[in-house]
Amino acid sequence: MLRVVVLGAGAGGGVPQWNCGCDGCRAARANGHELYRTQASVAFSGDGEHWFLINASPDLRQQLNAAPQLHPKAGALRHTPVAGVILTNGEVDAVAGLLSMREGSPFTVYAHEKVLAILASNSIFNVLNEKIVKRQPIGISEPFEPKFPDGARSGLEVVAFAVPGKSAWYLEGKAHPGGESGDGDTLGLKVTDKSTGKCFYFIAACAEVTDALKAEIDGAALVFFDGTVWRDDEMIKAGLGHKTGKSMGHVAMSGADGAIARLADLSLDRKMFLHINNSNPALLPDTPERKTAEAAGWQIPADGTEIVL
Ligand SMILES: [Zn+2]
């Protein structure tokens, strides 16, 4: 049995974003916590006791406190069910939460060498003692079985694949610590429970829905997909920025090349948008955009949503 918990469904900045007065952020402040979204992360477990995180968002501490599945077990003075963190990119909203995991519990950080190079080049991540917190490189299309801190096998298989994207925003125009060539900056993940064969996909950043990507995910029980923006130019139109979704490495939900249209002909049991920006009108209930997404079979999950496969 594969349990998956949405720790956060928001994009960088979350909802509401601390310095934002857009419609989505104002609605969230006015409606209590119902519309709040922390920054994108998912936890999964094959045994319900040991959990692996996909990305460590800046909201990680809040997310761990909000998820009973991830609390220390009763009676233990120091304990965490978190056995590992798998990083899909080196953006701030994927790695900053590692700094909140520095209290000496053993776990493993799994990431592509390009992302590990970013961690290695930023000495602040040395707060994670490498004797206790191992860093394990993962290769593209090389399946691996994440292990528990005692070395026991998890019974799960994870395989990373390259998706169209870009390197971390803060590295734009600068030398990449992991080199400029090749893939590895933006990964999608396939997670499979080896005992049941059930799997889910995590693709929280994707600049383009290619035919190869469609073929990869067709038939999956669950897909989390990049839901950053509804329209490619929505941040510009709303006066929130000067970048398109595509220039930030995110395909829009809508439009002929958007995720809803491009993935419509696939056989997917459940499909959820993740990494939803506060500018995206589909975040708000009762908007035409939300209704369009839901009519196409997509869910906009609340933080804390658990799915069992
Ligand atoms: Zn906003």
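Values in this document were obtained by computation on a predicted structure and should not be read as measured data.

Q: Before we move on, could you go through the coordination of the zinc ion and cite the residues and values that matter?
A: Taken together, the protein ligands of the zinc ion are Cys-20 (SG), Cys-22 (SG), Cys-25 (SG) and Asn-278 (OD1), with distances of 2.2 to 2.8 Å. Along the chain, the residues donating to the zinc ion are arranged with the sequence spacing C-x1-C-x2-C-x252-N. Each member of the pair Cys-20 and Cys-22 is classed as buried.

Q: A description of the side chain of Thr-228 should follow, citing residues and the corresponding values.
A: Looking at the element boundaries, Thr-228 is found in the loop between strand 10 (222-226) and helix 6 (234-237). Judged by its relative accessible area of 3%, Thr-228 is buried. A distance of 3.1 Å separates polar atoms of two side chains, one belonging to Thr-228 and the other to His-250. Among the polar contacts made by the side chain of Thr-228, one reaches the side chain of His-275 at a distance of 2.9 Å. Discounting residues that sit within four places of it in the chain, Thr-228 has contacts with Ala-11, Glu-234, His-250, Leu-274, His-275, Ile-276, Asn-277 and Asn-280.

Q: Can you lay out the sheet that holds strand 1 (residues 3-8) for me, pointing to particular residues and giving the numbers?
A: By way of backbone hydrogen bonds, the strands of a sheet pair with one another, either parallel or antiparallel. Across the sheet, 7 strands lie side by side as 6-5-4-3-2-1-13; this open sheet has mixed pairing. At either margin of the open sheet sits one strand with a lone partner, and together these are strand 6 (133-137) and strand 13 (306-308). Neighbour-to-neighbour, the strand axes of this sheet turn through a mean angle of 20°, independent of strand direction. Of the strands in this sheet, strand 5 (107-111) and strand 6 are in contact with helix 4 (residues 113-121), which crosses strand 6 at around 140°.

Q: Explain the packing of aromatic side chains to me, using residue names and the numbers behind them.
A: Applying the stated criterion across every chain, the model contains 8 aromatic pairs. Measuring from ring centre to ring centre gives 5.9 Å for Phe-161 and Tyr-201, while their planes differ by 65°; the resulting arrangement is edge-to-face. Of the two residues, Phe-161 is situated in strand 7 (residues 156-162) and Tyr-201 in strand 9 (residues 199-203); the sequence distance between them amounts to 40 residues. According to the relative accessible area criterion, Tyr-201 is buried, its value standing at 2%. One aromatic cluster in this structure is built from Phe-44, Phe-52, Phe-148, Phe-200 and Phe-224.

Q: Which residues make up the environment of Ala-261, and what are the values?
A: Following the sequence through the fold, Ala-261 ends up in helix 7 (residues 259-262). The spatial distance from the C-alpha of Ala-261 to the C-alpha of Val-209 is 9.8 Å, given a sequence separation of 52 residues.

Q: Any details on the nonpolar core? Residues and values, ideally.
A: By size, the foremost hydrophobic cluster in this structure holds 32 residues, and its most contacted members are Tyr-201, Ile-203, Leu-213, Ile-217, Phe-225, Leu-263 and Phe-273. For this core, the secondary-structure elements that each account for two or more residues are helix 1 (23-30), strand 9, helix 5 (211-217), strand 10 and helix 7. Sort the elements by how many residues they give to this core and strand 9 lands first, with 3 residues. Discounting chain neighbours no more than four positions away, the residues touching Phe-225 are Ile-203, Cys-206, Val-209, Leu-213, Val-251, Ala-259, Leu-263, Met-272, Phe-273, Leu-274 and Trp-298. Among the nonpolar cores identified, the runner-up in size contains 31 residues, and Val-158, Phe-200, Ala-204 and Leu-274 belong to it.

Q: Tell me about unusual backbone geometry, and name the residues and values.
A: With omega at -10°, the peptide bond leading from Val-15 into Pro-16 counts as cis. Looking at the secondary structure, you find Pro-16 in the loop between strand 1 and helix 1. Although it is not a glycine, Ser-141 adopts a positive phi angle of roughly 65°. Mapped onto the fold, Ser-141 is located in the loop between strand 6 and strand 7. Despite not being glycine, His-275 shows a phi value in the positive range, around 65°. Here His-275 shows up in the loop between strand 11 (270-274) and helix 8 (288-295).

Analysis parameters
- Residues numbered from 1 in each chain as written.
- Predicted model: local features only at pLDDT ≥ 70, side-chain atom pairs only at ≥ 80, totals over all residues.
- Heavy atoms only, no water.
- Donors = N, O, S within 2.8 Å, 3.2 Å for Na, K, Ca; no water.
- Buried < 20%, exposed > 50% of the residue type's maximum accessible area, 1.4 Å probe, protein only.
- Helix = DSSP H or I, 4+ residues; strand = E, 2+ residues; numbered from the N terminus.
- Polar contact = N/O pair within 3.5 Å; in protein donor to acceptor, adjacent residues only side chain to side chain.
- Contact = heavy atoms within 4.5 Å.
- Pairing = 2+ DSSP bridges.
- Axes fitted to C-alpha atoms, helices over the stretch in contact; angles between N-to-C directions.
- Phe/Tyr/Trp six-rings, centres within 6.5 Å; stacked < 30°, edge-to-face > 60°.
- Core = buried A, V, L, I, M, F, W, Y, C linked by side-chain atoms within 4.5 Å.

Read these as layout, nothing more, since geometry by itself doesn't imply function.
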